[in-house]
Amino acid sequence: MLDLKLIREHTDLVREGVRKKGEDPASVDEVLRLDEHRRALIQETEGLKSRKNTVSQTVARMKSKGEDAQAVIDEMRSVADRIKVLDEELKSEEGRLRSVLLAIPNIPHESVPAGKSPADNQVIASWGEPPVIDFPPKPHWELLEKLRIIDFPRGTKVTGAGFPFFVGKGARLERALINFFLDEAAANGYMELIPPLLVNEASAMGTGQLPDKEDQMYSVDRDRLFLIPTAEVPVTNFYRDEILPENLLPVNFCAFTPCFRREAGSYGKDVRGLNRVHQFDKVELVKLVRPEHSYEELETLRRDAEQPLQKLGLYYHVLLMCSADLGFTPAKKYDIEVWSLGQQKWLEVSSVSNFEAFQARRMNIRYRPGGGKPEVVHTLNGSALALPRIMAAVLEQYQTPEGKVIVPKVLHPYTGFEVIG
RNA sequence: GGAGAGGUGGCCGAGUGGUUGAAGGCGCCGGUCUCGAAAACCGGUAUACCGCUUGCGGUAUCCAGGGUUCGAAUCCCUGCCUCUCCGCCA
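Note that the structure is a prediction, hence the values are computed from the model and not measured.

Novice: I'd like to hear about the packing of aromatic side chains, residue by residue, with values.
Specialist: By the definition in use, this model includes 10 aromatic pairs. The interplanar angle of 40° and the centroid separation of 5.6 Å between the aromatic rings of F180 and F181 together place this pair among those described as tilted. Look at F181 and you get buried, because its relative accessible area is 1%. Judged by centre distance (5.7 Å) and plane angle (75°), the ring pair of F328 and F358 falls under edge-to-face.

So this is what it looks like as structure tokens:
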């Protein structure tokens, strides 16, 4: 959610930002119109309330003196009715304003390149070399089936498509990756959280899954809860509706969770094997920072997400997302993509974003700069990392001609074995 | 799941229809005193919105949402949460 004052005072800037994201800036003007009406209502209703309060005190004084206050009371009855009507109108007007405001995307940071499609994203960094092997590489779904380390058919039987079982060394490798990523994060100063996997509506609203993206989440209707699509949701909401002491910042959290995504509407494309599943493991990094530091923190976060990839020896590159491919909430975003040798294509394994105050304003997370007036913090997050595609890349890159897989060295202490197969 | 108790400011805690944004205490900030500190004393100490704008005025907020009333922290209804007992359970 954007700052209403920003929209009021820098309307053109906001319009331009919305346009860059490829959305219609008409809603910006709608906000201004609704806000003006809202303020007129506030002035009218508060004037009446002020009078009501004064008169109520007069009534109290008259009664204590034993005077008859009936005439005044009769008069106030109609004022009270009028207040009620106005309050209802104000409330619905504020609801309308809020919903329009919630539908306006965050505006891109000045360093974000303008663009019209994903083709305008810029590759700004890469690490490693394209792996070369002297035999035809198998895609990971062939490897994992032959090695019997991930079982899709039985997952489908037990739950449905996209809910695989990890089996034996597959399970162990998954757990090794989780622990490796968590240990890396801890070494970089992130405090580990194990959050709830179900969240309520307010939390889903806070990080922006609601109201728009409800159909991407599994819901437990009976209790009005949602299975988390990412640890970002519970972790970022940790401090919702709080004013943090200044010395708490920056807050650095890491969390491992399973993530649940319905992936409605994405069938038939890039869904083979581990490319896209409904339940997957992820280690997430979240930062709450002072506004003036959020862009340095974004670079730190990116570094912290990249580091484990380097230690795993995976070839990857970093994309700076252009304005059109930025998504609704971020002001700036990097995607990290790892090379899939078996599929000969890039797989997104991390998104690193600065949301500035956009999320924090919705969530009402503030701090006191210099002990003064509360100010909204900036929030950032990044995956470090999404497990299935890492698993896919590792299996493919470290495969042998015989169809075995060599476990990367950094994982040996975690797996307790060095070869699968 | 059943029965009961309760949710008041950063914290503790008073307040059961009328200047109560809310006594008192603690904490915190400033001052007096002191060589300095402690103690003591004095003063200050919420958030959001609206309006005029160095500052001031108004409105709202005593878990949340409704209701009764001229007037609600206080009365009524619903929800959420916490605690105690019983049941169930990893």
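Novice: I'd love a proper account of a nonpolar patch on the surface, names of residues and values included.
Specialist: The grouping of V158, F165 and V167 at the surface amounts to a nonpolar patch, some 240 Å² of accessible area in total. Relative to the helices and strands, V167 is located in the loop between β3 (165–166) and α7 (169–187). V167 sits in the partly exposed class, given a relative accessible area of 33%.

Novice: Account for the domain arrangement of chain A, with residues named and values stated.
Specialist: Assigned domains within chain A: domain 1 (4–102) and domain 2 (118–420). Between the C-alpha centres of domain 1 and domain 2 there is a distance of 43 Å.

Novice: Give a description of the sheet that holds strand β15 (residues 375–376) that names residues and reports values.
Specialist: Pairing is mixed in the open sheet, where 3 strands are placed in the order β8-β14-β15. Strand pairing shows two members of the sheet lacking a second neighbour, β8 (242–244) and β15, which therefore form its edges. Relative to strand β14 (residues 365–367), β8 runs parallel, the two sharing 3 bridges. Bridge pairing in β14 links I243 to R366.

Novice: Which residues make up unusual backbone geometry, and what values go with them?
Specialist: Residue L249 is joined to P250 through a cis peptide bond whose omega torsion reads 0°. Its location among the elements puts P250 in the loop between β8 and β9 (251–260). The phi torsion at Q344 lies on the positive side, around 55°, for a residue other than glycine. On the secondary structure map, Q344 appears in the loop between β12 (332–340) and β13 (345–356). Located in the positive-phi region is N364, a residue other than glycine, with phi close to 60°.

Novice: How would you explain the packing of α7 against helix α12 (residues 387–397) if you had to name every residue and give the values?
Specialist: Orientation of α7 relative to α12, taken along the N-to-C sense of each, is 115°, at an axis distance of 11 Å. Relative to α12, α7 is oriented roughly perpendicular. Crossing hand, α7 versus α12: right-handed. On α12, the residues touching G170, L173, E174, L177, I178 and F181 of α7 are L387, I390, M391 and L395. Here the contact of α7 with α12 is built from residues that sort into 8 nonpolar, 1 polar and 1 charged.

Novice: So what about the environment of V286? Which residues, and what values?
Specialist: With respect to the secondary-structure elements, V286 resides in strand β10 (residues 279–289). When sequence neighbours within four positions are dropped, the list of residues in contact with V286 reads E232, V235, T236, V251, N252, F253, L380 and N381.

Novice: Before we move on, can you summarise the packing of helix α5 (residues 140–147) against α12 with the specific residues and values?
Specialist: Close contact between α5 and α12 brings their axes to 9 Å; oriented N to C, the two are set at 80°. One way to sum up the angle between α5 and α12 is to call them roughly perpendicular. For the pair α5 and α12, contact is made by H140, L143 and L144 and by A392, L395 and E396, respectively. Per-class residue counts for the contact of α5 with α12 are 4 nonpolar, 1 polar and 1 charged.

Novice: Explain the protein's contact with RNA strand B to me, and be specific about the residues and the numbers.
Specialist: Around RNA strand B sit 23 residues, and of these E46, A60, R77, K91 and R368 come closest. Within 4 Å of the protein, the contacting atoms of RNA strand B are 72% sugar and phosphate, with bases supplying the remainder. In this structure, a phosphate oxygen belonging to RNA strand B sits 3.3 Å away from a side-chain N or O atom of R39. The set of elements that each furnish at least two residues to the surface near RNA strand B consists of α3 (26–64) and α4 (70–102). With 12 residues, the single largest contributor to the surface near RNA strand B is α3.

Novice: Can you tell me about the pattern of salt bridges, naming the residues and giving the values?
Specialist: If you walk through the whole model with that rule in mind, you get 25 salt bridges. With its nearest N and O atoms 3.4 Å apart, the salt bridge here joins E30 to R33. Of this pair, E30 and R33 both sit in helix α3, 3 residues apart, roughly one helical turn. Under the relative-accessibility criterion, E30 is labelled partly exposed at 29%. With its nearest N and O atoms 2.9 Å apart, the salt bridge here joins R303 to D304. On the basis of relative accessibility, which here comes to 47%, the residue R303 falls in the partly exposed class. Residue classification places D304 among the buried residues on the basis of a relative accessible area of 4%.

Quick notes on the rules
- Residues numbered from 1 in each chain as written.
- Chains lettered and ligands numbered in written order.
- Predicted model: local features only at pLDDT ≥ 70, side-chain atom pairs only at ≥ 80, totals over all residues.
- Heavy atoms only, no water.
- Phe/Tyr/Trp six-rings, centres within 6.5 Å; stacked < 30°, edge-to-face > 60°.
- Buried < 20%, exposed > 50% of the residue type's maximum accessible area, 1.4 Å probe, protein only.
- Patch = residues over 30% accessible without salt bridge, like charges linked within 9 Å, V, L, I, M, F, W, Y side chains within 5 Å.
- Areas by Shrake-Rupley, 256 points an atom, 1.4 Å probe, with all protein chains shown as cover.
- Salt bridge = Lys/Arg side-chain N within 4 Å of Asp/Glu carboxyl O.
- Helix = DSSP H or I, 4+ residues; strand = E, 2+ residues; numbered from the N terminus.
- Domains from an automatic or database assignment.
- Pairing = 2+ DSSP bridges.
- Axes fitted to C-alpha atoms, helices over the stretch in contact; angles between N-to-C directions.
- Parallel < 35°, antiparallel > 145°, perpendicular 65-115°, else oblique.
- Left-handed = near helix turned anticlockwise from the far one by under 90°.
- Contact = heavy atoms within 4.5 Å.
- Nonpolar A, V, L, I, M, F, W, Y, C, P; charged D, E, K, R; others polar.
- Near = heavy atom within 4 Å.
- Polar contact = N/O pair within 3.5 Å; in protein donor to acceptor, adjacent residues only side chain to side chain.

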